[in-house]
Amino acid sequence: MDTTQLLKGVLDVAVLAVVADEDGYGYDVVRRLRAAGIEEVGDASVYGTLRRLYSSGALTSYVVPSDEGPHRKYYGINAQGRAMLDAQRKDWDEFAGTMSRLLGTEAGR
């Protein structure tokens, strides 16, 4: 199954969940998503999602100097982002339950 379209629909909540655990810079967030099993996520998609969530007020950002290269822009979740994550978790639980029931019914036919 090609999960590209599914990923587009859940990337915001996945990024919020990763950043809720610990602040992170772009590639760090990509790495953590891949380690969690979302291996096909693209770097550009995550960077764009971080910028969009920041612009919408769900994330804060700050720059940390690096001795090994350019400074890194870290993103952290704020109260608005946590509220968004909580709402999207609820939506996901309801949707996943519906799909599980639907697919369970279809498999039993």
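Residues numbered from 1 in each chain as written. Predicted model: local features only at pLDDT ≥ 70, side-chain atom pairs only at ≥ 80, totals over all residues. Heavy atoms only, no water.

As recorded in an unreviewed UniProt entry, the chain goes by the name PadR family transcriptional regulator, listed as coming from Cellulomonas shaoxiangyii.

The next point concerns the overall build of the chain. Regarding its fold elements, the chain presents four helices and three strands. Listed N to C, the secondary structure of the chain is α-β-α-α-β-β-α in terms of helices and strands. Judged by the C-alpha coordinates and their principal axes, the chain covers about 60 × 30 × 20 Å. For the chain, buried positions account for 28% of its 109 residues. Taking the contacts inside the chain whose residues are at least 6 apart along the sequence as the reference set, 48% of them involve residues at least 24 apart. For the chain, the computed accessible surface area is about 7200 Å², with 54% contributed by carbon and sulfur atoms. (Helix = DSSP H or I, 4+ residues; strand = E, 2+ residues; numbered from the N terminus. Buried < 20%, exposed > 50% of the residue type's maximum accessible area, 1.4 Å probe, protein only. Contact = heavy atoms within 4.5 Å. Areas by Shrake-Rupley, 256 points an atom, 1.4 Å probe, with all protein chains shown as cover.)

It is worth spelling out the packing of aromatic side chains at this point. For the structure on display, the rule yields four aromatic pairs. Here the aromatic rings of Tyr62 and Tyr74 are separated by 5.6 Å at their centres, their planes lie at 10 degrees, and the arrangement is stacked. Taken as a pair, Tyr62 in strand S2 (residues 59-64) and Tyr74 in strand S3 (residues 72-77) lie far apart in primary sequence, twelve residues in all. Aromatic ring contacts, followed pair by pair, group Tyr25, Tyr62 and Tyr74 into a single cluster. (Phe/Tyr/Trp six-rings, centres within 6.5 Å; stacked < 30°, edge-to-face > 60°.)

Axis separation between helix H2 (residues 26-35) and helix H3 (residues 43-55) bottoms out at 9 Å; the angle between their running directions is 120 degrees. On the basis of the axis angle, H2 is oblique to H3. H3 is crossed by H2, and the crossing has right-handed handedness. For the pair H2 and H3, contact is made by Gly26, Tyr27, Val29, Val30, Leu33 and Arg34 and by Asp43, Val46, Tyr47 and Leu50, respectively. (Axes fitted to C-alpha atoms, helices over the stretch in contact; angles between N-to-C directions. Parallel < 35°, antiparallel > 145°, perpendicular 65-115°, else oblique. Left-handed = near helix turned anticlockwise from the far one by under 90°.)

What follows is about the nonpolar core. Formed by 21 residues in total, the largest nonpolar core has its most connected members in Val15, Val29, Leu33, Val46, Leu50 and Leu59. Among the secondary structure elements, those contributing two or more residues to this core are helix H1 (4-21), H2, H3 and S3. Non-local contacts of Val15, meaning those with residues more than four positions away in its chain, are made with Val29, Leu33, Val46, Thr49, Leu50 and Leu53. (Core = buried A, V, L, I, M, F, W, Y, C linked by side-chain atoms within 4.5 Å.)

The next subject is the environment of Gly26. In this fold, Gly26 is placed in helix H2. Given the relative accessible area of 7%, Gly26 is considered buried. Along the chain, Gly26 and Ala44 lie 18 residues apart, while their C-alpha atoms are 9.3 Å from each other.

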